[in-house]
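So you can see what is in the structure, the chains are spelled out below.
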Amino acid sequence: MKKVKFTFLYALLLLITIVALNIKNLNSYFIADDFTFIHGSYNKGPIFFIKLFYTDYVKQIWPGAYKDNWEDKGAGFLRPIPIVALKLNYNLFGLNPLSYHALSILFFFIICWIVFLLMRFFTSSDALSFIGALLFAVNPVHSTNVPYKASIDTLLGILFALLSFYLYLKYYSTRSRKYLFSSLLSYLLGLFSKESAIVVPLMIICYSLIEDYRQLSKWEGISLFLGKAFKQYATMITLFFTITGIYFATRFMAFGNFMGGYNVPWHFQLDNKLYNTLTNMRYAFLATRFKPENVIDYFSSPDAYLSPPALAAREIYILLFLVAICVVPLLVLGFRRIVQQRLFTVGIIWCSIYYILLLINNMCATPQYLSFFVAGSSCLFVALVFSFYKKAVGVAIVSILFIIYGTYQFKFNNEWAQAASNCRQVVETIDTAAEKFQENDRILLIDAPLYYKSAYAFWGSIENAFQQPFRKYDLTKRFFIISLRSEHLKEVLTCQNGGAIDSLELDMALKDYFTSSLKFEETRSIARARDKDAQLYSHLGYNILRELYEVSSGHAVHIFKWNGEANKLELVSNPVMAYRVKD
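Definitions and limits used
Residues numbered from 1 in each chain as written. Predicted model: local features only at pLDDT ≥ 70, side-chain atom pairs only at ≥ 80, totals over all residues. Heavy atoms only, no water. Helix = DSSP H or I, 4+ residues; strand = E, 2+ residues; numbered from the N terminus. Buried < 20%, exposed > 50% of the residue type's maximum accessible area, 1.4 Å probe, protein only. Contact = heavy atoms within 4.5 Å. Areas by Shrake-Rupley, 256 points an atom, 1.4 Å probe, with all protein chains shown as cover. Salt bridge = Lys/Arg side-chain N within 4 Å of Asp/Glu carboxyl O. Phe/Tyr/Trp six-rings, centres within 6.5 Å; stacked < 30°, edge-to-face > 60°. Lys NZ or Arg CZ within 6 Å of the ring centre and 35° of its normal. Patch = residues over 30% accessible without salt bridge, like charges linked within 9 Å, V, L, I, M, F, W, Y side chains within 5 Å.

Helix and strand content of the chain: 25 helices and 6 strands. By the burial criterion, 54% of the 583 residues in the chain qualify as buried. Contacts spanning at least 24 positions in sequence make up 76% of the contacts within the chain whose residues lie at least 6 apart. Of the roughly 26400 Å² that the chain leaves accessible, carbon and sulfur atoms contribute 62%.

Before going further, it helps to spend a moment on the pattern of salt bridges. A side chain of one charge can pair with a side chain of the opposite charge when the charged atoms of the two come close. Tallying each qualifying case throughout the model produces 8 salt bridges. Here D431 and R471 are joined by a salt bridge, their closest N and O atoms 2.7 Å apart. Within this pair, whereas D431 is found in helix α19 (residues 391-434), its partner R471 is found in the loop between α20 (462-465) and α21 (475-478), the two being separated by 40 residues in sequence. The network of salt bridges with shared partners includes R79, D153 and E195.

Residues Q468 and P469 are joined by a peptide bond in cis, for which omega reads 5°. Mapped onto the elements, P469 comes out in the loop between α20 and α21. In the Ramachandran plot, S124 falls in the positive-phi region, its phi being about 60° despite a non-glycine side chain. Within the secondary structure layout, S124 lies in the loop between α7 (97-123) and α8 (126-138). Positive phi values are uncommon outside glycine, yet R175 reaches one of about 60°. Counting through the fold element by element, R175 comes out in the loop between α10 (152-174) and α11 (177-191).

Let us now look at the packing of aromatic side chains. Enumeration over the complete set of coordinates arrives at 31 aromatic pairs. Aromatic side chains F35 and F458 sit 5.9 Å apart centroid to centroid with 25° between the ring planes, which places their arrangement in the stacked category. Within this pair, whereas F35 is found in helix α2 (residues 33-41), its partner F458 is found in the loop between β3 (455-456) and α20, the two being separated by 423 residues in sequence. Take F35: its relative accessible area is 0%, and that puts it in the buried class. Judged by its relative accessible area of 2%, F458 is buried. Considering the side-chain rings of W416 and Y456, the 5.8 Å spacing of their centres and the 90° angle between planes classify their relative orientation as edge-to-face. Taken together, the residues W416 in helix α19 and Y456 in strand β3 connect sequence positions 40 residues apart. Both residues of the pair, W416 and Y456, count as buried. Here the guanidinium or amino end of R175 rests over the ring plane of Y172, the centre of that ring lying 5.2 Å away. We note R478 situated over the ring of Y473; from NZ or CZ to the ring centre the distance is 5.3 Å.

This brings us to a nonpolar patch on the surface. The grouping of F6, F8, L9, L12, L13 and I16 at the surface amounts to a nonpolar patch, some 550 Å² of accessible area in total. Considering the arrangement of structural elements, one finds L9 in helix α1 (residues 2-21). Look at L9 and you get partly exposed, because its relative accessible area is 38%.

Here you go:
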């Protein structure tokens, strides 16, 4: 009875920790792909969701231009279960953000509790298991998966994968077939939640072989041992690979290939081994949310996140801390001092399998794929710390890392909350202002926020935010809404004004541009572009502005700019900027 009370207390503390880290996100608005997934599925019937099990949900949910860019490449995903979960949430609670965050927190808590159960299986210690699960829960990697509602696929994928592994361990120790078939079912659900669950059979095979070999009473040759093991596990291996085969066959039916994802199929990248390994260490060990060079590449902003020197300094401190307390004792005292050998072995298995995935596809070095590695690294850390140090010292060390990781995750989670607040501010500002506009008026959004520091905002999904069910009326049908970056507009205006734009404010340039009778000349615009990227942006901006001008005759052009300092969308104050375009 006492043990049950302590177990309940550990579960309660774990839940309180998770809720505390995500407290500012509990009622935060939708962002990025949240708009896409909910808009694409909110009014669909049962047949639609059945089709998701054998067709690409990108083709079913994402808008035409995005879909068309993928169709001919064989890329795509089979992830129907997360879409079904979002649909059920919408049917029960509508667009109440609290319900979506509560669902994510619930799934994440279950994941952390499975980690607790796994560690207890290896250590038979509730205290050590709680410490490991807590370190897993506070790792900053999860600041993408929990606050971001669209990452429910990641949460469900890791939940079913870890559950499958745990149920297999129960089968391994009891030989009860109910655990084996439950593990198989969970594995299948994991594959159709997120394809990263495919690591489960590898984890199972590696663990079974290592554990059996460790338990041998006398040494025997590897080939003899493997022969016996194959006979022993032939049925189990066949069942798991049959499930895997069903998944790949379904994928081939949907896409015409066995491996895919974003844009290009998976491929081996042996030359990137070192780079991917270091990237993985940055994410999983050093509390890093995004590589600064990637943030700048994707979001085109120097203040997207911490400056590289500040980021490097922070990582060096954490790295030195981890090396000092783990690597140095391991090198000096050796593996014989590791008391929790089983936990250490499982950690090695998980991390090694993850490194294999990195060799196949460097997309795995993102927060959405790192939960397996974080689970493994948590096992390694607990096994090493509590083998080399006394219990009191080990608790002190873990407490320091807990504070570091928890602080950064709380900070990153708050950035997601601010990103959601920015999205709400933009949508509600346009919605309120549009009540005074005439139908078919033109709305130009300049620098609508794509992100806030480490968090997505309107990344790729701004159009859906103005459509049902998020708005009572579909604003994209009532008004002509365009969202452009100021640098793209400047490039276009530079081409049209002979370079004079450098000395003009963007507001004034747009005013002159829309009030003038100057006709757009495509060849002139492209000819003055400085390089390939400028050509692309100039061509894009030119075509959109031309369409805005040519079809706007007789309708107002309302221009809004995002004020990054105030985190606010503002209607351009100059009254000339909201006017009737002359015929």
